[in-house]
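Overview (structure and organization)
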Amino acid sequence: HLGEGSITESVTEDVDWINNWKQYFHQFYIDDILVIPSWEEMGLEDRERTVLHIDPGTAFGTGMHETTQLCIRQLRKYVTRETELLDVGTGAGFPGIPLKIVRTDLQVTLLDGSNKRLNFLSQLCGELGIECRCVHKRAEEAGLDKSMRESFDLVTARAVAQLRILCEYCLPLVKMKGFFVAMKGPGAKDELSEAENALKTLGGDRIDVKQIQLPTAGERNLIVVRKLSFTPKGYPRHGGTITKHPL
């Protein structure tokens, strides 16, 4: 016997939700980067830090999730002078914008299928005084665009999709000897096994897996793929085909 239970319901005004949730979101650090929401003040002790001011109420994602922070920390290791980075499905601009703040010599392209998100990111870049290229395309469209195909040293993806699907979205955009970095959870090894054919077909090789244990989220992995051969013509396929019939 589990005892008695009850269900209640109430109506919450939109204006209440828009403002009240802010009491639970505060500034935080990603190594030497301070991420601070627009309604909080920066302390004097943080004057020498790299500061990222955000208004998370206008875009999806705050950067506070442990997996986003892991991605930013690890990607900094692969960034060199004048690296051309493409952030696929950028959303709220993580990790592309924080990396641009830390490395101003980095050439960042933010790719997303939502023009609303890109308009926000364009405004954000203006407020931060940084330059990022915003491209409104689906990943499979970008992979067929001659101006973007095999043009980037580093391509990142935080999308919730199987690795073999992400490979077809992202590897056609990676230049020869460049890197594709995907953020994954505890099932990374299984996904790598399933993605073996996709990696071979699309030109990926020399796989490195960076594993870390997060305090509240457990195991997380960054899968780093080096591209050592050109992606054949015909890839990427149409988005529906990629998801329904993955390589």
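Refer to the preceding data block for the structure.
Residues numbered from 1 in each chain as written. Predicted model: local features only at pLDDT ≥ 70, side-chain atom pairs only at ≥ 80, totals over all residues. Heavy atoms only, no water.

Looking now at the overall build of the protein. Broken down by element type, the protein carries 9 helices and 10 strands. Relative to its 247 residues, the protein shows a buried fraction of 45%. Sequence separation of at least 24 residues holds for 62% of the intrachain contacts in the protein that already meet a minimum separation of 6. For the protein, the accessible area works out to roughly 13700 Å², and carbon and sulfur atoms hold 48% of it. (Helix = DSSP H or I, 4+ residues; strand = E, 2+ residues; numbered from the N terminus. Buried < 20%, exposed > 50% of the residue type's maximum accessible area, 1.4 Å probe, protein only. Contact = heavy atoms within 4.5 Å. Areas by Shrake-Rupley, 256 points an atom, 1.4 Å probe, with all protein chains shown as cover.)

Taking strand neighbours across the sheet as the criterion, the 7 strands line up as β6-β5-β4-β7-β8-β10-β9 in an open arrangement whose pairing is mixed. In this open sheet, the two strands that pair with only one neighbour each are β6 (133–136) and β9 (204–214). Each adjacent strand pair in this sheet contributes to an overall mean axis angle of 20°, direction not counted. The pairing of strand β7 (residues 152–157) with strand β8 (residues 174–184) spans 5 bridges and is parallel. In the sheet register, V155 faces β8, and the bridge partner there is F180. Packed on one face of the sheet, helix α4 (residues 115–128) meets β5 (107–112) and β6 and runs near 170° to β6. Helix-sheet contacts for helix α6 (residues 163–170) involve β4 (84–88), β7, β8 and β10 (218–227), and the interaxial angle to β8 is about 145°. (Pairing = 2+ DSSP bridges. Axes fitted to C-alpha atoms, helices over the stretch in contact; angles between N-to-C directions.)

As a further point, take the side chain of D87. Inspection of the secondary structure puts D87 in strand β4. The buried category is assigned to D87, whose relative accessible area is 1%. Reaching out from D87, the side chain makes a polar contact with the side chain of T90 at a distance of 3.0 Å. Once you skip the residues sitting within four places of it in the chain, D87 turns out to touch G93, F94, P95, G96, T109, L110, L111 and T156. (Polar contact = N/O pair within 3.5 Å; in protein donor to acceptor, adjacent residues only side chain to side chain.)

Within the largest apolar cluster, 32 residues are counted, with the highest numbers of intra-cluster contacts made by V155 and F180. Take this core: its biggest share by element is 6 residues, from α6. If sequence neighbours within four positions are ignored, F180 has contacts with V155, A157, L163, L166, C167, C170, L171, V174, I223, V224 and V225. One finds F25, V79, L106 and C132 within the second-largest nonpolar core, a separate group that totals 30 residues. (Core = buried A, V, L, I, M, F, W, Y, C linked by side-chain atoms within 4.5 Å.)

On to the sheet that holds strand β2 (residues 33–37), then. Spatial strand order, β1-β2-β3: 3 strands in an open sheet with mixed pairing. In this open sheet, the two edge strands, each paired with only one partner strand, are β1 (28–30) and β3 (50–54). For this sheet, the mean inter-axis angle between neighbouring strands, taken without regard to orientation, is 30°.

Pairing of β9 with β10, which is carried by 10 bridges, proceeds in the antiparallel orientation. Residue pairing for β10: K210 is matched across the bridge by L222. As consecutive antiparallel partners, β9 and β10 are separated by 3 residues.

The next point concerns the pattern of salt bridges. The full count for this structure, using the stated rule, is 9 salt bridges. Linking R138 and E140 is a salt bridge whose minimum nitrogen-to-oxygen distance equals 2.8 Å. What makes E140 buried here is its relative accessible area of 9%. A salt bridge links E191 to K184; the nearest nitrogen and oxygen atoms lie 3.1 Å apart. As far as burial versus exposure is concerned, E191 and K184 are alike and both buried. (Salt bridge = Lys/Arg side-chain N within 4 Å of Asp/Glu carboxyl O.)

Here the residue pair F94 and P95 is connected by a cis peptide bond, since its omega of 10° sits within 30 degrees of zero. With respect to the secondary-structure elements, P95 resides in the loop between β4 and α3 (96–102). With omega at 0°, the peptide bond leading from Y235 into P236 counts as cis. When you line up the elements, P236 lands in the loop between β10 and α9 (239–244).

Now for α6. A large share of α6 lies buried, amounting to 7 of its 8 residues. The complete set of buried residues in α6 reads L163, I165, L166, C167, E168, Y169 and C170.

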